[in-house]
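# Structure at a glance
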Amino acid sequence: MATAARTLHLPAPPKPSSPSSHHPLIPSHIRLRRRSRVHRIAASSSSDLTSFPEPTPIPNGVYVPLAAAHPAATIDVDAATEAELRENGFRSTRRTKLVCTVGPATCGADELEALAVGGMNVARVNMCHGDREWHRGVIRAVRKLNDEKGFAVAVMMDTEGSEIHMGDLGGAPSAKAEDGEVWTFTIRSSDTSLPDRIIHVNYDGFAEDVKVGDELFVDGGMARFEVIEKLGPDVKCRCTDPGLVLARANLTIWRDGSVVRERNAMLPTISSKDWLDIDFGIAEGVDFIAVSFVKSAEVINHLKSYITARSGGSDIGVIAKIESIDALKNLEEIIRASDGVMVARGDLGAQIPLEQVPSIQQRIVKMCRQLNKPVIIASQLLESMIEYPTPTRAEVADVSEAVRQRADALMLSGESAMGRYPEKALSVLRSVSLRIERWWREQKRHEALELYNVSSSFSDKISEEICNSAAKMANNLGVDAVFVYTKDGHMASLLSRCRPDCPIFAFTSSTSVRRRLNLQWGLIPFRLSDSDDMESNLNRTFSLLKARGMVQSGDLVIALCDTLQSIQVMNVP
Ligand SMILES: Nc1ncnc2c1ncn2[C@@H]1O[C@H](COP(=O)(O)OP(=O)(O)O)[C@@H](O)[C@H]1O
Ligand SMILES: C=C(OP(=O)(O)O)C(=O)O
Ligand SMILES: [K+]
Ligand SMILES: [Mg+2]
């Protein structure tokens, strides 16, 4: 690089109190439960770069990937990001990452590809629903999409956990509970389908734990019942808040204004079924495992050791779902132990008064930022879009607030799993994210959040200081991008933590690291088979990216490298 490069080499190194009243924050008419294509840029050798063939545009502006050639000369670029780069310009790529729950509405190859083209960074499968064959099909379809079309969509497997939930509704997706109707919730084992208004409950202690007068919330309050009689394994309940009850809906028991946690609080966080699902996830090579109803750091540590022992070195990120009172009590230790966090507002809002959810969300987002863990905001972001093609203004405001808090990722649940408008919902998340991120930059709202030192080793501290300085320099100099060359992704995450104004291009030689980085704010992960020579890495990157029109001569770039612990500022030649 005969450019004006300055190199600094550092040494290596309670819900509503009235029991039968309707939840004040849930309108009674709500019936549904809460709920890039990559271009492999290929050339036979780096000297071929000048004659690098242009990709073939197809009418909708999506580019057909080029065939892979010699791996040493390729760079895997997420084509959805590339399209955004072309459309919105270098500095305006989307920073907030998008997670889509895959369900019956989106499990086909075409639908999955449409989501990937629409900006899905992570595909989530929820082990509460469907069987393993179904999940295997989805996971493999995502992998195929990545392999054949160059995307880097990560797969997240979400465990069922030991929650109390209803059984199936005899094959029907839902049933309507009307005001005053008497329904029976039973723990009798049944392999056959039960008559209408008799519902199986999966938790054996249920009939003993409930008392007459308790309230039963279906899916956090989408329908409500009052316990009127106990008859051995059967619990008779009267519907006090009518609503649509979905198959396998979650149940919470409320007494005197708070959630009842009797023996169900003693159930293991990871059930025996979850362990089998986890083995399945490891075998299928998922990128993340999200653990439902985490209560303490211990279970996260346990699972992480299990994965290390079982997976033979492949790295799976463990995401702690914060959705219970116990998790809130042990929040910091849980976040420290995990590789990422999900603010699972659906169940969280069924366990604490709804009006507490927003401040808790903000607290979790801030803590994750300090501790350098990616955080996902989940549930009901665009709930009305399950049925309608446009979101409510309130939903857009909620999404905006999550983006403004600079959460790493937003998640769709029912909207993408079983809603009528999965792609539209994703495009709403995308456009709201872009608009709020731009507004933030225009306002020059460099937040006052002071980042504490997060590193434990001295070597990590050096990386952290480099990233803090690089982000500050990037903002002060108005650079076009920060490039970070990273082996394990750690330096890229430290940079993401600083939330710089410009995009972060993260280059790694590992496809799995690349997929995992796809969950983190502002990172555009590329796979590049790099060498130990930074000079040649940079030259090759510039050539490849210039050939794609992703950078231009004269662009100002800061480049970091984790193995060298170096920082350089330069113009693209
Ligand atoms: N694999 C699946 N098979 C069938 N339905 C699914 C699947 N995944 C999700 N769904 C549907 O999408 C809804 C929303 O998904 P999600 O939020 O992940 O689950 P839940 O509402 O149980 O927490 C579910 O209630 C269910 O109706
Ligand atoms: C994301 C959540 O978990 P699940 O969808 O598995 O209930 C939630 O409760 O908000
Ligand atoms: K789950
Ligand atoms: Mg949940």
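Okay, so let's go over this structure. This is a predicted model, so every value here is computed, not measured. (Residues numbered from 1 in each chain as written. Chains lettered and ligands numbered in written order. Predicted model: local features only at pLDDT ≥ 70, side-chain atom pairs only at ≥ 80, totals over all residues. Heavy atoms only, no water.)

Another aspect to go through is unusual backbone geometry. A negative phi angle characterises most non-glycine residues, just as the trans form characterises most peptide bonds. For Arg197, which is not a glycine, the phi torsion comes out positive at approximately 65 degrees. Mapped onto the elements of the fold, Arg197 is located in the loop between strand 10 (182-186) and strand 11 (198-200). For Arg197, a relative accessible area of 45% gives the class partly exposed. In this structure, Arg499 takes a positive phi of about 50 degrees despite not being glycine. Checked against the element boundaries, Arg499 lands in the loop between helix 15 (490-497) and strand 24 (504-508). (Helix = DSSP H or I, 4+ residues; strand = E, 2+ residues; numbered from the N terminus. Buried < 20%, exposed > 50% of the residue type's maximum accessible area, 1.4 Å probe, protein only.)

The next subject is the coordination of the magnesium ion (ligand 4). The expected angle between donors at a tetrahedral four-coordinate metal is 109.5 degrees. At an octahedral six-coordinate metal it is 90 or 180 degrees. Taken together, Glu323 (OE) and Asp347 (OD) make up the full set of protein donors to the magnesium ion (ligand 4), lying 2.0 to 2.1 Å away. Between the magnesium ion (ligand 4) and the potassium ion (ligand 3), the interatomic distance is 5.4 Å. Placement of Glu323 in the loop between strand 19 (317-322) and helix 7 (325-329) and of Asp347 in helix 9 (residues 345-351) is noted, with a sequence separation of 24 residues between them. For Glu323, a relative accessible area of 2% puts it in the buried group. (Donors = N, O, S within 2.8 Å, 3.2 Å for Na, K, Ca; no water.)

On to the coordination of the potassium ion (ligand 3). All of the protein donors around the potassium ion (ligand 3) are Asn126 (OD1), Asp158 (OD) and Thr159 (O); their distances to the metal are 2.7 to 3.0 Å. The motif formed by the donor residues of the potassium ion (ligand 3), counted along the single chain, is N-x31-D-T.

With that out of the way, let us pick up the pairing of strand 23 (residues 481-485). Most of strand 23 sits inside the fold, with five of its five residues counted as buried. Burial along strand 23 is two-sided: Ala481, Phe483 and Tyr485 and Val482 and Val484, pointing in opposite directions, are all buried. Bridging between strand 23 and strand 24 involves four bridges; their strand directions are parallel. Opposite Tyr485, over in strand 24, you have Phe507 as the bridge partner. A crossover links strand 23 with its parallel partner strand 24, the connecting element being helix 15, and its sense is right-handed. (Pairing = 2+ DSSP bridges. Right-handed = clockwise from strand over helix to strand, strands pointing away.)

Let's shift gears to helix 6 (residues 297-311). Given a rise of 1.5 Å per residue, 15 residues ought to cover 21 Å, and the 21 Å separating the end C-alpha atoms of helix 6 matches this to within 8%. In this structure, the buried residues of helix 6 make contact with helix 5 (272-284), strand 18 (288-291), strand 19 and helix 8 (331-337). Gly312 sits one or two residues past helix 6 and shows a positive phi near 55 degrees. (Expected span 1.5 Å × (residues − 1). Contact = heavy atoms within 4.5 Å.)

Moving on, we get to the sheet that holds strand 16 (residues 251-255). Taken together, the seven strands give an open sheet; going across it, the order is 11-10-14-13-12-16-17, and neighbouring strands pair in mixed fashion. Two strands bound the open sheet, and with one partner strand each, they are strand 11 and strand 17 (258-259). Here strand 12 (residues 215-218) runs beside strand 13 (residues 223-231); their pairing, made up of four bridges, is antiparallel. The residue of strand 13 that forms the bridge with Glu215 is Glu226.

Further remarks concern the side chain of Glu181. When you line up the elements, Glu181 lands in the loop between strand 9 (174-177) and strand 10. Ignoring anything within four residues of it in the chain, the contact list for Glu181 reads Lys176, Arg197, Cys237, Arg238 and Cys239.

A separate point is the site of ligand 2. Lys321, Glu323, Gly346, Asp347 and Ser379 are the nearest of the twelve residues found near ligand 2. Here an oxygen atom of ligand 2 sits 2.9 Å away from a polar atom, N or O, in the side chain of Glu323. Here Arg345 contributes a backbone N or O atom positioned 3.4 Å from an oxygen atom of ligand 2. When ligand 2 sits alone it has 290 Å² of accessible area, and the protein chains cover 93% of it. For the shell around ligand 2, the elements supplying multiple residues, two or more each, are strand 7 (122-126), strand 20 (340-344) and helix 9. In terms of residue count, helix 9 provides more of the shell around ligand 2 than any other element does, three residues in total. For the shell around ligand 2, the per-class residue count stands at three nonpolar, three polar and six charged. (Near = heavy atom within 4 Å. Polar contact = N/O pair within 3.5 Å; in protein donor to acceptor, adjacent residues only side chain to side chain. Areas by Shrake-Rupley, 256 points an atom, 1.4 Å probe, with all protein chains shown as cover. Nonpolar A, V, L, I, M, F, W, Y, C, P; charged D, E, K, R; others polar.)

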